[in-house]
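# Overview (structure and organization)
Chain by chain, the residues run as shown.
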Amino acid sequence: MKNLDLLKNLNSKQKEVVSEIRKNLLILAGAGSGKTLVLIRRIAWLIYKENCSPKSILAVTFTNKAALELKTRIISLIKNYQNDIWIGTFHSFAYYILRIHYLEAGLTKNFQIIDNSDQKILIKRILKRLSLQNKNYSINNILKHINNFKNNFFDKKENYFYENNLYNIDLSKIYDEYQNYCKITEVIDFNELILCLYKLFLHKPNILQIYQKRFQNILIDEFQDTNDLQYRFISLLYNKFYNTKIVLVGDDDQSIYGWRGAQVKNMHRFLKDFDKVKTILLEQNYRSTSNILEAANKLISHNNIRLKKKLWTHKNNGRLIYIYSALNEFDEARYIAKYIYHNFIKKNIKLNNCAILYRNNSQSRILEEIMLKFCIPYKIYGGIRFFERQEIKDTLSYLRLISNYNDDNSFERIINTPKRGIGDNTLNVIKYISKKYFLTLWKSSIFLLENNQYLNTMSFNSLKKFIILIKFLKNNIKNKKLSIIIKETIINSGLWEMYNKSSLAEKNFSKINNLKELINAANYFTKISLKNENIKNNLLIDFLSQTSLLTDNNDLNNINQETNNYIQMMTIHASKGLEFSEVFIIGMEEGIFPNKISFTNKNINEERRLAYVGITRAKKKLTLTYTKKRYLYGKEINSIPSRFINELPENCVKKVNFLKEKSICFKQNNSLNKEKYFIGQIVYHAIFGKGIILNIEIIKNNIKLQIKFKNAIIKWIMSNYIKSYI
Ligand code: ATP
Ligand code: MG
């Protein structure tokens, strides 16, 4: 691309960012103001205009999804050098460097990354080991402390854990045991990944120097979400002597990871700590219509500690923001489904520019149910994430164990999957030996096979078979393609047969499909893997690590770029940095959004920033929904509309009613003609009189309707007792 083109269509501030001579820059800008766009153009500018080597560029962002977006956008601009520029997340960068310098970092060659769910399993095991399982400690809470401690590693451990109460003393023990366990099982968690790299750079200046020399241009998107450790790590990489220059891009109003230690004050720190930083503000929004932007501005103005940017747009008002008040969560989902049917499916408009966002993953369940009923194609990002599904975890555990015999989590998961006659008793003996001699489960098993006195013949033989199987699987993968390795492991381990046998049951059918998808993912991964001149790639190890890195926020969709004709559903956290023509945000209720926890944490400001992120994802049309009643924690509760709805300017919103159309004809419609009923419909009953449908269920060959009659009587009634409906 010619240099001149790099400034094409940009406003004067954006041009300044792109074409400024090499210096430290802080780009402070609102949502949709072109931050990511100028960052990408700046990278091209550095290469073409400032003659910087593509290898000198390190571009970091916060989530895998954002990193992939960045990569794709850069590739479209700079075709020849795509492999030389380093683009990714903090975690993937740490992984990349630690793979090369594992020895100096005190890691083993095939170290593996564990995700949050593996961490929890480990903590559970440690509680048992320390005989603390009866104390009813919350695993999540312990996990939070372990992670926080690593993020705040600069506070002394003594300060962190020893507030001289029993819980902290136990916590400290658990922490030490946890660290020990990770070491002997050769695994590392997300926070440790960054910490480990930081320590490597801190203690091995000769290694640090290699990367200081190389990465003279550091560019970071979504900087508002960096935590203390990440900040210090960037500071280490910066070296005046090598003329390093840093470009930070961020928006204080979009800081939504405070709960993970992210701190907006890092932006102020940067101004103070680094040399001659030039700040540039971008305030023109190119994404949303004026109504959407005005609403977002008004909402965020309720937060008082802000850097106060004022976003504006040339775009016209556009459509009003719809606010739909639903009877309950089914009605809410149904409203959206009907809307999508009428405005997209019927008109043959592609759905991929349309998203449904929610505060919590669990809200997707009912949406999914209704979308299925309406035959609306959808894709859920997050939720039970692809790599966290049972069949995928089973396969990955086999692969992990053959890569590293000492991976106890994987060992325990698959020792009797598929069933091979190794019950709890045998496992307990293995664990007993493991505890007694401080051996991993694998080594304990070998010990048991060599000292034939602890197990009965049947258990002994079953365990022996298992060990032989794992050794066979390990031998079998030598010099094979990654996708073949995965395919053969699935088959030889017996997993394929196990899932295939029960695949007649519909829910297992998708499991077989997921296993196939995993093989596809391996193919795709092989294709996009960077050739790394510093290490002889072990694709299997890299792939396994990648699957852990991906469970952090996203799912398989992130390494499979195709965009298809489906509506996208995800949490607002996962939608950061993305944009859609049309956005729905559901569950706008007190206690859900803002989340209940934020009431006690006084974190309403962070919730409001999250609402701001959600609203500013929409380009043309935004719909917010809330319910009057909702089932929560096993009972029906009356909900209160979110305060965020009241904080929107009245001139920008429109309250809408339920769509009454009932003549939708569905492909999968069955003879019951269920679709002639809908939630919110008025019906008549001979005895109870007029009522309104609250819920619909099909039981065997009958339709059951939950109806609210006069005097607030609510009853479930078979549809054939309904006299008439409108
Ligand atoms: P977010 O805060 O959500 O991460 P952002 O500031 O990174 O947003 P971008 O995603 O870079 O914003 O840009 C938002 C949209 O505006 C994109 O569709 C981009 O192509 C468009 N855009 C940015 N600058 C211009 C411009 N000068 N002319 C036309 N379109 C622009
Ligand atoms: Mg962006």
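Thresholds applied
- Residues numbered from 1 in each chain as written.
- Chains lettered and ligands numbered in written order.
- Predicted model: local features only at pLDDT ≥ 70, side-chain atom pairs only at ≥ 80, totals over all residues.
- Heavy atoms only, no water.
- Near = heavy atom within 4 Å.
- Polar contact = N/O pair within 3.5 Å; in protein donor to acceptor, adjacent residues only side chain to side chain.
- Areas by Shrake-Rupley, 256 points an atom, 1.4 Å probe, with all protein chains shown as cover.
- Helix = DSSP H or I, 4+ residues; strand = E, 2+ residues; numbered from the N terminus.
- pLDDT = per-residue confidence, 0-100.
- Contact = heavy atoms within 4.5 Å.
- Buried < 20%, exposed > 50% of the residue type's maximum accessible area, 1.4 Å probe, protein only.
- Arc of directions from axis to C-beta.
- Phe/Tyr/Trp six-rings, centres within 6.5 Å; stacked < 30°, edge-to-face > 60°.
- Lys NZ or Arg CZ within 6 Å of the ring centre and 35° of its normal.
- Axes fitted to C-alpha atoms, helices over the stretch in contact; angles between N-to-C directions.
- Parallel < 35°, antiparallel > 145°, perpendicular 65-115°, else oblique.
- Nonpolar A, V, L, I, M, F, W, Y, C, P; charged D, E, K, R; others polar.
- Core = buried A, V, L, I, M, F, W, Y, C linked by side-chain atoms within 4.5 Å.
- Pairing = 2+ DSSP bridges.
- Patch = residues over 30% accessible without salt bridge, like charges linked within 9 Å, V, L, I, M, F, W, Y side chains within 5 Å.
- Salt bridge = Lys/Arg side-chain N within 4 Å of Asp/Glu carboxyl O.

On to the site of ligand 1. Close to ligand 1 lie 19 residues, the nearest being Lys-35, Thr-36, Gln-254, Glu-579 and Arg-617. In the model, an oxygen atom of ligand 1 is placed 2.5 Å from a nitrogen or oxygen of the Lys-35 side chain. Between a nitrogen atom of ligand 1 and a side-chain N or O atom of Tyr-286, the distance comes to 3.4 Å. Considering ligand 1 on its own, with 640 Å² of exposed area, one finds that the protein chains cover 83% of that surface. Considering every element that reaches the shell around ligand 1, the biggest residue donor is helix H2 (residues 35–48), with three residues.

So, on to the confidence of the model for the protein. Confidence in the prediction of the protein, expressed as mean pLDDT, is 83, and 86% of residues score 70 or more. The least confident element of the protein is helix H7 (residues 157–161), whose mean pLDDT is 59; the most confident is strand S13 (residues 580–585), at 97. Here residues 552–563 is modelled with pLDDT under 50, and outside its nearest four sequence neighbours on either side it reaches 37 contacts, counting other chains as well. Confidence drops under a pLDDT of 50 for residues 661–672, and excluding neighbours within four residues, the segment shows 27 contacts in the predicted structure.

When helix H19 (residues 441–450) is considered as a whole, its buried residues turn out to be Leu-441, Trp-442, Ser-444, Ser-445, Leu-448 and Leu-449. The buried side chains of H19 occupy one side of the element, clustering within an arc of 160° when seen end-on.

Overall, the coordinates contain 22 aromatic pairs when judged by the stated rule. Ring centres 5.9 Å apart and planes at 55° place the aromatic pair Phe-93 and Phe-233 in the tilted group. Here the residue Phe-93 occupies a position in helix H4 (residues 90–100), and Phe-233 occupies one in helix H11 (residues 228–237), the gap between them amounting to 140 residues. Overall, Phe-93 belongs to the buried group, its relative accessible area being 1%. Arranged with centres 5.5 Å apart and planes meeting at 85°, the rings of Phe-411 and Phe-466 form a pair that is edge-to-face. In this pair, Phe-411 sits in helix H17 (residues 408–414) while Phe-466 sits in helix H20 (residues 457–476), placing the two residues 55 residues apart along the sequence. The ring of Phe-111 has Arg-99 sitting right over it, with the charged end atom 4.1 Å from the ring centre. Above the ring of Tyr-322, the side-chain terminus of Lys-621 is found at 3.6 Å from the ring centroid.

So, about the packing of helix H9 (residues 190–203) against helix H10 (residues 205–214). Following both chains from N to C, one finds H9 and H10 inclined at 105°, their axes separated by 5 Å at the closest point. For the element pair H9 / H10, the angle class is roughly perpendicular. Residues Leu-200, Phe-201, Leu-202 and His-203 of H9 form the contact with H10, whose own contacting residues are Pro-205, Ile-207, Leu-208 and Tyr-211. In the contact of H9 with H10, the residues fall into seven nonpolar, one polar and no charged.

If you look at the biggest cluster of nonpolar residues, it comprises 49 residues, and the most contacted ones within it are Phe-93, Leu-98, Leu-197, Phe-201, Phe-233 and Leu-237. Broken down by element, the residue count for this core peaks at nine residues, all from H9. If sequence neighbours within four positions are ignored, Leu-237 has contacts with Leu-58, Phe-93, Phe-201, Leu-208, Tyr-211, Gln-212, Ile-218 and Thr-244. Counting 44 residues, the second-largest nonpolar core is a separate cluster that includes Leu-427, Leu-463, Ile-486 and Phe-543.

In this section: the sheet that holds strand S17 (residues 653–656). The seven strands are arranged S11-S12-S10-S13-S14-S9-S17 in an open sheet whose pairing can be described as parallel. Either end of the sheet is taken by a strand with one partner, and the two such strands are strand S11 (378–380) and S17. In this sheet, neighbouring strand axes are inclined to one another by 25° on average, regardless of whether the strands run parallel or antiparallel. Across five bridges, S13 lies against strand S14 (residues 618–627) in parallel orientation.

Before going further, it helps to spend a moment on the environment of Asn-416. Position of Asn-416 among the secondary structure elements: in the loop between H17 and helix H18 (424–437). Taking relative accessible area as the criterion, Asn-416 reaches 22% and is therefore assigned partly exposed. Excluding anything up to four places from it in sequence, Asn-416 contacts Gly-421 and Ile-422. A distance of 3.1 Å separates the side chain of Asn-416 from the backbone oxygen of Ile-422, its partner in a polar contact.

A word on a nonpolar patch on the surface. A grouping of Tyr-432, Tyr-437 and Tyr-454 is seen on the molecular surface, where their side chains present a nonpolar patch of about 300 Å² in accessible area. Inspection of the secondary structure puts Tyr-437 in helix H18. Accessibility expressed as a relative area gives 37% for Tyr-437, which makes it partly exposed.

Another aspect to go through is the sheet that holds strand S1 (residues 25–29). Taken together, the six strands give an open sheet; going across it, the order is S3-S2-S6-S7-S1-S8, and neighbouring strands pair in parallel fashion. Strands at the two margins of the open sheet, each flanked by one partner only, are strand S3 (86–89) and strand S8 (278–282). Averaged over neighbouring strand pairs, the angle between their axes works out to 15° when direction is ignored. Pairing of strand S6 (residues 217–220) with strand S7 (residues 245–250), which is carried by four bridges, proceeds in the parallel orientation. Each residue of the ladder has a partner; that of Asn-217, found in S7, is Lys-245. Where H2 meets the sheet, its contacts fall on S1, strand S2 (57–61), S6, S7 and S8, and the angle it forms with S6 comes to roughly 170°.

Bringing the pairing of strand S12 (residues 567–571) into the picture now. Taking burial as the measure, the five residues of S12 include five buried ones, the bulk of the element. Side chains Ile-567, Met-569 and Thr-571 project from S12 onto one buried face, and the interleaved Gln-568 and Met-570 project onto a second face that is buried too. Note: S11 against S12, three bridges, orientation parallel. For Lys-379, the partnering residue across the bridge sits in S12 and is Gln-568.

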